[in-house]
Amino acid sequence: STDFENAKITAKQENKLILLNFSGSDWCGNCILLKREIFEDTIFKQFSNNNLILVNADFPRQKKNQLTPNQQKQNGQLAELYNKKGIFPLTILLTSDGSILNIWEGKPKENTKEFISTLNSFISKN
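Keep in mind that what you see is a predicted model, and the values were worked out from it rather than measured. (Residues numbered from 1 in each chain as written. Predicted model: local features only at pLDDT ≥ 70, side-chain atom pairs only at ≥ 80, totals over all residues. Heavy atoms only, no water.)

Enquirer: So what exactly am I meant to see when it comes to the state of the cysteines here?
Expert: Note: disulfide means a covalent bond formed between the sulfur atoms of two cysteine side chains. Counted according to the given criterion, the structure contains 1 disulfide. Covalently, Cys28 is tied to Cys31 through a disulfide, its sulfur atoms 2.3 Å apart. On the S-S bond that ties Cys28 to Cys31, the torsion sits near 75°, and the link is right-handed. (Disulfide = S-S within 2.5 Å.)

Structure, rendered in structure tokens:
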């Protein structure tokens, strides 16, 4: 998803947590690795479909990859709230009301299964 407000509504309705990821899809090497090694992993996809609402706030630099002005504005507002330092990648686990549960600066050190295990520990508490 790219719409944070809709993600919050869906998360509340489905009793799920939100995983917000700030990425630079066409310039940030660790962002690309995170997407490829964790977010695109079949195991993670299955887990997230059942437990999370994923939101990607992308900040591409290349002109050909630019987002719509509305999406750029939404991502900028999310960065003002959750990523004032401009860290990429930055992954944040949130409740459906937007409260922060955990933050990963950079690419998580864990492999996919360990990352899922960490996420599960927060899910079981909420």
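Further notes follow.
Enquirer: Before we go on, may I ask you to explain the layout of surface pockets in this structure?
Expert: The volume enclosed by the largest pocket comes to roughly 330 Å³. Considering the residues around the largest pocket, the lining is formed by 14 residues, among which Asn21, Ser23, Lys35, Phe39 and Asn56 are closest to the centre. Among the elements of the structure, strand S1 (17-23), helix H2 (29-39) and strand S2 (52-58) are those that each provide at least two residues to the lining of the largest pocket. Of the residues that constitute the lining of the largest pocket, the class distribution is 6 nonpolar, 6 polar and 2 charged. Computed from the structure, the second largest pocket encloses a volume of approximately 160 Å³. Together, Ala11, Lys12, Asn15, Lys16, Leu17, Asn50, Asn51, Thr95, Ser96, Ile123 and Asn126 line the second largest pocket. Taken together, the residues of the lining of the second largest pocket break down into 3 nonpolar, 6 polar and 2 charged. (1 Å grid on protein atoms, 1.4 Å probe; cavity = no way out; pocket = protein on both sides within 12 Å on 5 of 7 lines; lining within 4 Å. Points joined across faces, edges and corners; volume = space filled by probe spheres on them. Helix = DSSP H or I, 4+ residues; strand = E, 2+ residues; numbered from the N terminus. Nonpolar A, V, L, I, M, F, W, Y, C, P; charged D, E, K, R; others polar.)

Enquirer: Could you clarify how one ought to interpret the sheet that holds strand S3 (residues 90-94) in this entry?
Expert: Through backbone hydrogen bonds, the strands of a sheet pair up, either in parallel or in antiparallel fashion. Pairing is mixed in the open sheet, where 4 strands are placed in the order S2-S1-S3-S4. Each edge of the sheet is formed by a strand with only one pairing partner; in this case those strands are S2 and strand S4 (100-105). Neighbour-to-neighbour, the strand axes of the sheet open up by a mean angle of 15°, direction not taken into account. Where S1 meets S3, 5 bridges bridge the pair, whose relative direction is antiparallel. Paired with Phe22 across the bridge in S3 is Leu90. Contacts from H2 reach S1 and S3, with the element oriented near 145° to S1. Contacts between helix H4 (residues 69-82) and the sheet are confined to S1, S2, S3 and S4, with S1 contributing the most and set at about 105° to the helix. (Pairing = 2+ DSSP bridges. Axes fitted to C-alpha atoms, helices over the stretch in contact; angles between N-to-C directions. Contact = heavy atoms within 4.5 Å.)

Enquirer: Just checking my understanding: could you explain the packing of aromatic side chains for this structure?
Expert: What characterises a pair of aromatic rings is the spacing of the ring centres plus the angle enclosed by the ring planes. Following the criterion strictly, the structure yields 8 aromatic pairs and no others. A ring pair is formed by Phe4 and Tyr82, whose centres lie 5.9 Å apart and whose planes are at 70°; its orientation type is edge-to-face. Placement of Phe4 in helix H1 (residues 4-14) and of Tyr82 in helix H4 is noted, with a sequence separation of 78 residues between them. An identical accessibility class is assigned to Phe4 and Tyr82; each is buried. Ring centres of Trp27 and Phe88 lie 5.2 Å apart, and the angle between their planes is 70°; this geometry places the pair in the edge-to-face category. Pair noted here: Trp27 is in the loop between S1 and H2 and Phe88 is in the loop between H4 and S3, with a separation of 61 residues, a long-range link. Relative accessible area serves as the criterion here: at 30%, Trp27 is assigned to the partly exposed category. (Phe/Tyr/Trp six-rings, centres within 6.5 Å; stacked < 30°, edge-to-face > 60°. Buried < 20%, exposed > 50% of the residue type's maximum accessible area, 1.4 Å probe, protein only.)

Enquirer: Where do I start with H1 in this structure?
Expert: Residue pairs spaced three or four apart in an α-helix point in one direction, given the helix's 3.6 residues per turn. Here H1 has its buried residues at Phe4, Ala7 and Ala11. Taken down its axis, H1 places every buried residue within 50° of arc, on the same side. Along H1, the residues that are exposed and aim more than 90 degrees away from the buried face are Lys12 and Gln13. Near the N-terminus of H1, the side chain that reaches the backbone nitrogen of Glu5, with its oxygen 3.1 Å away, is that of Asp3. Phi turns positive, to about 55°, at Asn15, one or two residues after H1. (Arc of directions from axis to C-beta. Polar contact = N/O pair within 3.5 Å; in protein donor to acceptor, adjacent residues only side chain to side chain.)

The analysis is restricted to geometry; functional conclusions fall outside its scope.
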